[in-house]
Amino acid sequence: MQYNGALPSGQRSKMYNEQNLVAQSSESSTSIINSASNLVLGALNFDYGTYLGADYSEVIHFNYALNTAEQIIINNYLSAKYNIALSSDDIYIQDDPGRGNFDYNVAGIGQAIDGSNHTDSQGTGIVRINNPRALSNNDFLFWGEETRNPTYNFSTNTTNHTEQLNSRWRVRRRGNPGSVDITFDLSSVDLSGKQSCSPLQLIVDNNYDFSSPEAIYDLTIVGSIATATNVRLNQNRYFTLRYVDEIVRDGSSYYNGSGVANAPDNTNACLKFTVKSGAVSNINANIHVRSVEIETGGVLNILNGNLLQVDNEVVVNGTINLLGEAQLIQNHTGTTLNSGGGSLTQPQQGSASFYNYNYWSSPVNVGGIWQVGYLEDAAGVINFSNTLNGDASTSPITLSSKWLYSFNGTTNDYSQWIKISPTTNLLPAQGFTMKGSGATTANQEYIFRGIPNDGDYNHTVTAGNDFLTGNPYPSALDADQFIIDNLPVIDGTLYFWEQFSTNNTHTLADYQGGHAIYNLMGMGMPATADTSGLTSGLGTASLPAPERYIPVGQGFLYLYKIPDL
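Computed from a predicted structure; not experimentally measured. (Residues numbered from 1 in each chain as written. Predicted model: local features only at pLDDT ≥ 70, side-chain atom pairs only at ≥ 80, totals over all residues. Heavy atoms only, no water.)

(A) How the structure looks around the overall build of the protein. Each helix and strand in the protein was counted, giving 2 helices and 44 strands. Over its C-alpha trace the protein gives a radius of gyration of 38 Å, far above what one expects of a compact globule, namely 24 Å for 565 residues. Dimensions along the principal axes, computed over C-alpha positions, put the protein at roughly 125 × 55 × 40 Å. Counting all 565 residues of the protein, 46% fall into the buried class. Long-range contacts, defined as pairs at least 24 residues apart, comprise 60% of the intrachain contacts of the protein with a sequence gap of at least 6. (Helix = DSSP H or I, 4+ residues; strand = E, 2+ residues; numbered from the N terminus. Rg over C-alpha atoms; globule rule 2.2 N^0.38 Å. Buried < 20%, exposed > 50% of the residue type's maximum accessible area, 1.4 Å probe, protein only. Contact = heavy atoms within 4.5 Å.)

Shown next, in the form of structure tokens:
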């Protein structure tokens, strides 16, 4: 029904069925009076005895007379909602079962053949479309939603590993109204899983599953309103919202990364990196991601010389291999965030001589602790015997357990070295000593396997004692920062043991070796022969002075100073 006081009196009150005029009556008033009386529908007056013989499904009240374009839009909305066939201008047909039943929250914009138009519409849903760039006579654009009264949230689209809204819309056009602006009212949309650094996106595709969207628009969000401008909606297209939360290696493909072939690179700190079960990822670049998850059966290989930088947790249920000089840096502080039933492996080299000590510290843990007996070589878990010398001829190699010690005692008091065994539980950042296998090569490669250490580690040390600690992380440790962080309790000098290459004895008094030092002066000093009187005092260092960055697995001593009185 329509009332228009601007028309001649005989045309002011009209009734339509669809767009067809079925009744018209005379009305003397030129405006609807402002009255406190009830608005009566279906009868002449309140308590009038004769009523309209029909049912009402929905009443829409406008404060102005609808033009032709608006009538077409409303008729298509009602047709879709109530499954009522239209005899003319049936433009929106995506409500048909064969087209997906996009029956809900139908709205539209357009211009009728008489030139009347409606160019900004939202209807009953969260989608508003306006500002058509090329609207002409008989051009219309409609959209409808597949879900009735949805609770909006996001779930993973397993085809392209994006987080996609749980409802879709579909478009129907007549003619070509040109590109448009689209806004979404997000007040009822759960975005709690989206990182603030990841844009919310409008995606448009000709496939229902959005497996490979033909257009992607980053939305601008102001308050609860998200907007995309200059959007092209072709005939029969689907659209919805999504955001990217993770980079995925699935099978032989990467998804969502910024690097070569969609792999991660050092610009992806906003995103998680997941290697799916059965997939193998070989990374030959520095990458920076928010977190890492390796699923059971998945493998991540960081190739020699590359850095895996992670802001938060690493969950390893498969395998991470740090190959060669590859490193893992985690940027968070506090307690460990890492977990999983898999492992990270990292190789590191020490002196192969079965006469010479190395100071060590594990970059990984197994259940929160480390045992020397977990060490591996390329053939598997290393053997230990109680003999004086190791044996490089076995496979895996055999090391002597006689030379395994930790230290938390008085400087140069040899009796305070603490004997440990291959099964002694060591905490992260607790150093230990070990001699080599006697291989003919200068160095022996060992493999650490476990969950990578991360976060902060604290140890209790008696004032005035030396403590054998070490780099607990699968990356180089900044010695300057370590000293600065601990200056309230240490004397500021780090001591790195080197047993000289000329040493050929297990007898303490005949040892040749000494400590290299590093402090905040920034100039490390190479080792000089020990002058404590415990050793021979002979020999010359072959290794250079220690530098600012302490290698993976490297142990060192520091003095816990006596507090000032």
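(B) Focus on the environment of Pro213. As for its position among the elements, Pro213 is in the loop between strand 13 (201-205) and strand 14 (215-218). In sequence terms Pro213 and Tyr82 are 131 residues apart; their C-alpha atoms lie 31 Å from each other. Look past the residues within four positions of Pro213 in its chain and what remains in contact with it is Asn160, Ile203, Val204, Asp205 and Arg242.

(C) Region of the structure containing the pairing of strand 44 (residues 555-560). Summarising the sheet, strand 39 (residues 466-470) and strand 44 pair through 5 bridges and their orientation is antiparallel. Directly across from Asp466, in strand 44, lies its bridge partner Leu559. For strand 41 (residues 490-499) and strand 44, the ladder comprises 3 bridges, and the chain directions are antiparallel. Bridging across to strand 44, Tyr495 finds its partner in Leu557. (Pairing = 2+ DSSP bridges.)

(D) Seen up close, helix 2 (residues 479-486). Residues Ala479, Asp480, Phe482 and Ile483 constitute the buried set of helix 2. Seen end-on, helix 2 carries its buried residues on one side only, within an arc spanning 165°. Elements that come into contact with the buried residues of helix 2 comprise strand 40 (477-478), strand 41, strand 42 (513-519), strand 43 (549-550) and strand 44. Among the residues of helix 2, the N-terminal cap falls to Asp478, whose side-chain oxygen and the backbone nitrogen of Asp480 are separated by 3.0 Å. (Arc of directions from axis to C-beta. Polar contact = N/O pair within 3.5 Å; in protein donor to acceptor, adjacent residues only side chain to side chain.)

(E) Broad picture of the nonpolar core. Counting residues in each nonpolar core, the largest one holds 41 residues, and the members touching the most others are Phe273, Val292, Leu300, Leu308, Ile320 and Met434. Listed by contribution, the elements that provide at least two residues to this core are strand 20 (268-275), strand 22 (287-294), strand 23 (299-302), strand 24 (307-310), strand 25 (314-316), strand 26 (319-322), strand 37 (432-435) and strand 38 (443-452). Not counting residues within four places of it along the chain, the set of residues in contact with Ile320 comprises Val292, Ile294, Leu300, Val314, Ser343, Leu344 and Thr345. One finds Ala107, Phe154, Leu233 and Tyr243 within the second-largest nonpolar core, a separate group that totals 30 residues. (Core = buried A, V, L, I, M, F, W, Y, C linked by side-chain atoms within 4.5 Å.)

(F) Molecular detail of the environment of Ser198. With respect to the secondary-structure elements, Ser198 resides in the loop between strand 12 (180-185) and strand 13. By relative accessible area, which is 5% here, Ser198 ends up buried. Along the chain, Ser198 and Cys270 lie 72 residues apart, while their C-alpha atoms are 6.7 Å from each other. Once residues within four sequence positions are removed from consideration, Ser198 is found in contact with Tyr243, Val244 and Cys270.

(G) Main features of the sheet that holds strand 3 (residues 20-25). If you walk across this open sheet you meet the 3 strands as 1-2-3, and the pairing is antiparallel. Since the sheet does not close on itself, it has two edges, and those belong to strand 1 (2-3) and strand 3, each with one partner. In this structure, strand 2 (residues 13-17) lies alongside strand 3, joined through 5 bridges in antiparallel fashion. If you follow Lys14 over to strand 3, its bridge partner there is Gln24.

(H) Highlighting unusual backbone geometry. Residue Pro396 is reached from Ser395 by a cis peptide bond, and omega for that bond is -5°. Here Pro396 lies in the loop between strand 33 (383-385) and strand 34 (398-400). Residue His161 is not a glycine yet carries a positive backbone phi of 60°. Mapped onto the elements of the fold, His161 is located in the loop between strand 9 (154-157) and strand 10 (162-165).

(I) Structural detail: the state of the cysteines. Overall, the coordinates contain 1 disulfide when judged by the stated rule. Disulfide partner of Cys197: Cys270, at an S-S distance of 2.0 Å. One quick way to see it: the torsion about the S-S bond of Cys197 and Cys270 is about 90°, and its sign makes the bridge right-handed. With Cys197 in the loop between strand 12 and strand 13 and Cys270 in strand 20, this residue pair connects regions lying 73 residues apart in the sequence. Residue class for Cys197 comes out partly exposed when judged on its relative accessible area of 47%. Its relative accessible area of 15% is what places Cys270 among the buried residues. (Disulfide = S-S within 2.5 Å.)

These results come straight from atomic positions and should not be treated as a statement about function.
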